[in-house]
Structure formats: C-alpha cells, structure tokens
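Understanding the architecture of this molecule
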Number of protein chains: 2
Amino acid sequence: MKIIVDAMSGDNAPQAMVNGALLAAKEIDADIILVGRGEDILQVMQQQGITTLPKGVAISNATQVVDMCDSATSVLKEYPDSSMVRGLKLLAEGEGDAFVSAGNTGALLTAATLTVKRIKGIRRAALAPVLPSTSGGVVLIDCGANAECNTEYLTQFAFMGSYFAKKELGIESPRVGLLNNGTEPTKGTELQKQTYEILKKAGDEGKLNFVGNVEARGVPNGEVDVVVADGFAGNVLLKSIEGVAIFMSGELKSIFKKNLITKIAALMVGSGIKNMKKKMDYNEIGGTMLLGISKPVIKAHGSSSDYAFRSAILQAARAVKSGICEDIAGNIDDIKAAVQ
Amino acid sequence: MKIIVDAMSGDNAPQAMVNGALLAAKEIDADIILVGRGEDILQVMQQQGITTLPKGVAISNATQVVDMCDSATSVLKEYPDSSMVRGLKLLAEGEGDAFVSAGNTGALLTAATLTVKRIKGIRRAALAPVLPSTSGGVVLIDCGANAECNTEYLTQFAFMGSYFAKKELGIESPRVGLLNNGTEPTKGTELQKQTYEILKKAGDEGKLNFVGNVEARGVPNGEVDVVVADGFAGNVLLKSIEGVAIFMSGELKSIFKKNLITKIAALMVGSGIKNMKKKMDYNEIGGTMLLGISKPVIKAHGSSSDYAFRSAILQAARAVKSGICEDIAGNIDDIKAAVQ
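The notes below deal with the structure included here. These figures come from a predicted structure and were not determined experimentally.

With that settled, consider the overall build of chain A. Secondary structure assignment for chain A yields 14 helices and 12 strands. Taking 20 Å as the expected radius of gyration for a compact globule of 340 residues, we find that chain A reaches 21 Å, a close match to that expectation. The C-alpha extent of chain A, read off along each of the three principal axes, is 60 × 60 × 35 Å. Expressed as a percentage of its 340 residues, the buried residues of chain A come to 56%. Put simply, 72% of the contacts in chain A that link residues at least 6 apart link residues at least 24 apart. With an accessible surface of roughly 13,500 Å², chain A has 49% of that area assigned to carbon and sulfur atoms. Across chain A, the centroid of the 36 positively charged side chains sits 3 Å from that of the 37 negatively charged ones.

Listed below in structure tokens is the structure:
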C-alpha cells in the first residue's frame, strides 16, 4: 500500500504534515509519498535529526502551494504544479492508493473530482466525517460539499454513508437517519419529505437500515450510525457540535482553574476529563473522507497538528484496506435503483 | 399587567404550569389568568396547601386540551374550547397582555396567527429563543416555525431579532449574523447569497448592525448577538446545541461518579459545574417568543418544570414591559423598505 500525502497544505505545513507522516509510517504497513517542496520537507526532517529518508518514505517534488483563500474552481488551471494537484494526479495514475491533504476543502473536492473522478453513477461526492457520539461515532454525510441538494444526491449519500459506517465503524447494519426538524415523516422541506419516502422504500426492501428522521439532538446521543443531510444543514450540525464543545471546554477550564481547591479537583478527575476531550477531539478522529470519489481521498482538518495528520493518514490506510470505494462501485445498481 | 397562562399543555401539566404561575406571581407585579380545567387547577393548588386563590391569580375555564400529536392546522376548529385557543382569544380580545403555553409549537403558532394575528406587514412569525453563549446569550431567529423561507422572511427575521436582542439582552446595537456554511459572502445556497446582499445594504444604511455570515461554530462562542436562519437550519443549530450539552453533561456525570476520589472532586467544583449547567439550561432561559405576532406569545419548553414555566412567565412580563411588539410595528416601514 502507498499513501500519497500533501505535505504543503494546512495551517501548520509542512511541519505537521511531515511529522505526521513520520508518525504514521511507524504504525502502518504502507509506503508514504510526501508531495511538496523537497527542500522544505527535508528541512523539517533535519529538525527532527533525520538526515536520510526513512525506509518506505519518498518525496515527490511540487513547487506550488494552494492558498486557503484561492477559488476552488480554478485550482487545476492556476496551480498545476501544486502539492495538491500533483498528489491527486499521482493517485489518478495509480502511483498510490490514497491521498491525504489538509488543504482548502473546496479546492480538494474540485480537483479530486476532475482528476481522480467520481465513482461511475455517483452524482456528487460528499464529505463524510465521523462525529463523536455516545454509541462511539456517527457518520455525517454531507457536511458542506453540496450546499444545494436534491433527493437523488441525498439518497446516494444515505447508501454511501451506510457502506462507510459498516467499514469504518464496524457496524453490521448501520442505522441510517435523515436529518430533519422533527421525527414525523411530514417534517422538513419538500426535499426531506420526498427523500424520506425514497429511503423508507429502500429500507422496506431491505437495501438499507433506514430508521426515519432524526433530529440534531439525537446525533451526539447515538440515535443513529449515519446521519444524512444536505451540505448546508450538515455543516450547521458539524459546526454547532464543534462550537458547543469549545464553549463547554472553556467553561470547564475556568471552573477547574478558579482556585487551589478546584485545581486539586482537576488532578483528581484528570484522566476522565482527558478521555472526554479525546472523544470530542478532531485530532483523534482523523480526517474527513470524500465519499463518492473513485479512490480514497481524505481531507484533514486545516489546523491539523502532527498527531491529527497522522490520524488522517491512518484513516486513509483503513479506507484502502476496507475497500470502501470498490464497495460503493460494486453496489451502484442498488444505489441507482433506489431513486428510480 | 395581566399574563394569560395555558395551564393544561406540556408534559407536566397542569402541575408545572400552576406551580410555575404561583412562583412567578411572587416575583412579578402582574395578575395571572390560568386557563384550563378549573377543578384540575384547584387540585394542584390544594396539593400545595392553597385553599383560596392567591391575590391577582384567576382561573378561566376551558374544557379541552390540545394533544401534542394533533395536526397544527386544525387546532381552532377541533379544539375551540381548549386552554390554548381560549387563552389566545382572551389575549386577542384585550383581556390580558401576553400568553404563555407549553403546548404543541405548530398548533400554538397557527392558533396565534389566526386569533392574535401577525403585526401588519410581517410575513411570517418566527420562533426566537435565546441560546447560551460566552457573551451571555444570542437570539436565534427562526428555529423551526418556517422550514422553507425566502429572502423577505429572513430579512424580516433579522430586523425583528435585532429589536428583540436590544430589549431582551439589553444590547444597544446587536450584532446580527446570517447563519451560513462559511463566512465569505458567496457561501450558502441562493437564499443565503441574496439575503446577505439585502442585509449588507441595510447595514450600510445604518438600519441594522449586520456583521456578515456566521458559522454555527461562532454562535455559542458569542460572535454575534442575533443569528438569522431559516427554520430548518435554525432547528438543526438549536437541537445540536441541546444534544451536545446533554452528551457532555452525561460524560461529566460518569467522570465524577467513577470512584470515591472523583466524587470528592465533584464536591470541590460543585458550584462551578452547577453554574455551567445553569448557563446551558432551558429552565433558566424561559421560553421562546413568537416574534411577529401582534402581542407577546411565549412558547415554553414542552417538558417545562415548575421553575422553567415560571421563567417563561417572567419572560412574557419582560416582553410586555419592553414593548417589543410595538417596537416591531413602529419600525415596519424600515423593515419593509429593506427588501424592496
């Protein structure tokens, strides 16, 4: 297995990417290709006291860097020699099995769609992060790739999300819910009402374990294993969860820092709090898979640390091993039949 | 001032409503009319050892109760003698100054629109809860009344929310943000893009303190004082916040209950944790105002406790005193001009 890594994108590039790759290389049985400015990559390694490339780690030179603010649509034209575009082309050409980048989400999605291409029959690729929940994790699909969706997109997301949850979370028959503003079948806009009917039919036919509408409240509380949403609402869900987690962490911090007694209390529950933070933490979860692209492409968080980027690479390796892309492609007739 | 109270709706009716009203009566200088089954109301009072109606508290008889599951649109026709419909009619007829109910949101909204009516020129009433945030609170408008919205609705929500935040949160020039999946003006669906332009113009003209798009993450972190959303996305935001708060509270509980040492730690930070929970708690915040209705109508949480319902009644009293409805009506020309 060979994982291609965008060494230049993200807030902490190239340090976090290179260090993350070095961490990952120790944990997985895969070669890693670091794509980016060779000198910069080597410099990071030298700072770590590494003077020769570790076994299984290679560098592929790319001179440009895709800026976080650049327009997503022009990335192929304006940045042909960027680490992102070069890396994706290597993946498309079969020089590696998966690609990991912490770069601009829109640019990555566009460039991946144009170079690596979507799975035949899939209308739109979607972002599918795994969110923390009481049941151990829930796949959200989509969370921002497609602000405007139709019933066909949402139906495809439901199937792709279900296959992904089976592989990534190890759930035999993942419970799929449609994000809605109430649990009754008549809730939501026309988009949700129609999608509900389609998914219910697929559920009745045994193609999907559709459990109905799910409210946002039910997501962290583990009511479903997959939550299907248009990119706009999914983004609101994802970022609300992030926001409240930050808010409550801040509150906890000030509670424990108040005085000597509370500081002692902090020591007494330290491991528990640490575990909770770990559950809520992006750095552990890894990255977000672009489901629907023909090969595994993982978007790591823009502000990824060494460890977070390492987790994203590990996720890429899992995606290759699990064969999720092949799984979606192999079930495309079922997926297409559902919306007809 | 006279507050009309729906004594029969909500999960804990009539106990929570009657007890909540008795609590509120001690705190505010207002008369209270309890609408519902007289016997049931008196029975609750007797359980509290109260044998005669306290001064300023009256009962108005209504025999029916609106079930949580009934269709919202048929409430006036099917439940003409319900506590909800009777109470709203009293408000419409000027027998009181505000109405508080923990009943079915859809039914309340429909019945309020048909009896008390919207403020002239306002297209849709919206649900405007105050959410917890680091800055002390943020008004969310809408959070579920209108799943499908157009630019005019959202623009009106922005103005109403701004006036409301000024009164309810005491902020001179509330920062109004449009909920979006990114902060750039080009983000979102057509609805958000067009609304952004309208609100920006209103901001440039000094009619509104529009600070641009806001991501869901920025809401609990106090980036704005008012967040404008269609009812679908607003509902996702509201319920995500609820869901994560429940999730993290559960995690904390199990951390502190683990063993003797953690239990001691819990005692050491007890007051801090209690304060944090208070901040996140619906029971403190009160209810959700139906902004756009010509007189104050407050929706209390369906599962309101005595104390939560008391808070909703206090909020109703504040709404009457602040003159928020008159304020919206008085500024209707500005509101209408913004979308033209």
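Turning our eyes to something else, we now look at the side chain of Lys299(B). All names here are of chain B. Here Lys299 is to be found in strand S12 (residues 297–299). Of the buried charged residues, Lys299 lacks a salt bridge, with Asp11 as the closest side chain of opposite charge at 8.1 Å. A distance of 3.2 Å separates the side chain of Lys299 from the backbone oxygen of Gly103, its partner in a polar contact.

Overlay of chain B on chain A (RMSD 0.0 Å): rotation 180°, translation along the axis 0.0 Å. Viewed as a symmetry operation, the transformation between the two copies matches a two-fold axis. The C-alpha atom lying nearest the rotation axis in chain B is that of Ala265(B); the distance is 2.3 Å. Of the interface residues in chain B, 100% have counterparts in chain A that sit at the interface too, so the contact is made through matching surfaces.

Okay, the interface of chain B and chain A next. Counting residues at the interface gives 49 residues for chain B and 49 residues for chain A. The junction of chain B with chain A conceals about 4,500 Å² of combined surface from both sides, 75% of it contributed by carbon and sulfur atoms. It is Phe232(B), Phe247(B) and Met248(B) that lose the most area in chain B upon contact with chain A, and together they represent 16% of the buried surface on that side. At the surface where chain B touches chain A, the tally comes to 4 salt bridges. Note that Glu215(B) and Lys239(A) form a salt bridge whose closest N and O atoms lie 2.1 Å from each other.

On to the nonpolar core. Judged by nonpolar contacts, the single largest core of 106 residues is most densely connected at Leu237(A) and Leu237(B). Those residues in contact with Leu237(A) that lie beyond four places of it in its chain are Leu131(A), Leu140(A), Leu179(A), Ala216(A), Val219(A), Val227(A), Val236(B) and Ser240(B).

The next thing to look at is the sheet that holds strand S10 (residues 226–228) of chain B. Residue and element names in this part refer to chain B. Taken together, the 5 strands give an open sheet; going across it, the order is S6-S7-S10-S8-S9, and neighbouring strands pair in mixed fashion. Here the strands that pair on one side only, and so sit at the sheet edges, are strand S6 (130–131) and strand S9 (210–214). Across 4 bridges, strand S8 (residues 176–179) lies against S9 in parallel orientation. From the neighbouring strand, Leu179 faces S9, where its bridge partner is Val214. Against the sheet, helix H7 (residues 190–204) makes contact with S8 and S9, and its axis sits at roughly 160° relative to S9, the strand it touches most.

Next up on the list: the packing of helix H8 (residues 231–256) of chain A against helix H10 (residues 270–280) of chain B. It is at 9 Å that the axes of H8(A) and H10(B) come closest, and there the two elements cross at 155°. The angle between H8(A) and H10(B) places the two elements in the roughly antiparallel class. The crossing of H8(A) and H10(B) is right-handed. Where H8(A) abuts H10(B), its residues Val244(A), Phe247(A), Met248(A), Glu251(A), Leu252(A) and Ile255(A) lie against Gly272(B), Ile273(B), Met276(B), Lys279(B) and Met280(B).

With that settled, consider the environment of Gly323(B). Inspection of the secondary structure assignment puts Gly323(B) in the loop between helix H12 (306–322) and helix H13 (324–330). Distance from Gly323(B) to Ser254(B), taken between C-alpha atoms, is 45 Å for residues 69 residues apart in sequence.

For the rest of this paragraph, the subject is the state of the cysteines. Residues and elements named next belong to chain B. As enumerated under the stated definition, the model contains 0 disulfides over all chains in all. The closest cysteine sulfur to the non-disulfide-bonded Cys143 is located on Cys149, 11 Å from its own sulfur. Cys143 sits in the buried class, given a relative accessible area of 6%.

The full count for this structure, using the stated rule, is 28 salt bridges over all chains. In this structure, Glu27(A) engages Arg310(A) in a salt bridge whose closest nitrogen and oxygen atoms are separated by 2.8 Å. With Glu27(A) in helix H1 (residues 15–27) and Arg310(A) in helix H12 (residues 306–322), this pair connects stretches of sequence that are 283 residues apart. Arg310(A) gets classed as buried once you look at its relative accessible area, which sits at 11%. In this structure, Glu215(B) and Arg217(B) form a salt bridge, with 3.1 Å as the shortest nitrogen-oxygen distance. Of the residues examined, Glu215(B) reaches a relative accessible area of 15% and is grouped as buried. Shared partners join several salt bridges into a network, and the residues in it are Glu215(A), Arg217(A), Lys239(B) and Glu242(B).

About the criteria used
Residues numbered from 1 in each chain as written. Chains lettered and ligands numbered in written order. Predicted model: local features only at pLDDT ≥ 70, side-chain atom pairs only at ≥ 80, totals over all residues. Heavy atoms only, no water. Helix = DSSP H or I, 4+ residues; strand = E, 2+ residues; numbered from the N terminus. Rg over C-alpha atoms; globule rule 2.2 N^0.38 Å. Buried < 20%, exposed > 50% of the residue type's maximum accessible area, 1.4 Å probe, protein only. Contact = heavy atoms within 4.5 Å. Areas by Shrake-Rupley, 256 points an atom, 1.4 Å probe, with all protein chains shown as cover. Lys, Arg positive; Asp, Glu negative; His and termini not counted. Charge placed at Lys NZ, Arg CZ, Asp CG, Glu CD. Salt bridge = Lys/Arg side-chain N within 4 Å of Asp/Glu carboxyl O. Polar contact = N/O pair within 3.5 Å; in protein donor to acceptor, adjacent residues only side chain to side chain. Least-squares fit on C-alpha atoms with pLDDT ≥ 70 in both. Buried area = accessible area lost by both parts, 1.4 Å probe. Core = buried A, V, L, I, M, F, W, Y, C linked by side-chain atoms within 4.5 Å. Pairing = 2+ DSSP bridges. Axes fitted to C-alpha atoms, helices over the stretch in contact; angles between N-to-C directions. Parallel < 35°, antiparallel > 145°, perpendicular 65-115°, else oblique. Left-handed = near helix turned anticlockwise from the far one by under 90°. Disulfide = S-S within 2.5 Å.

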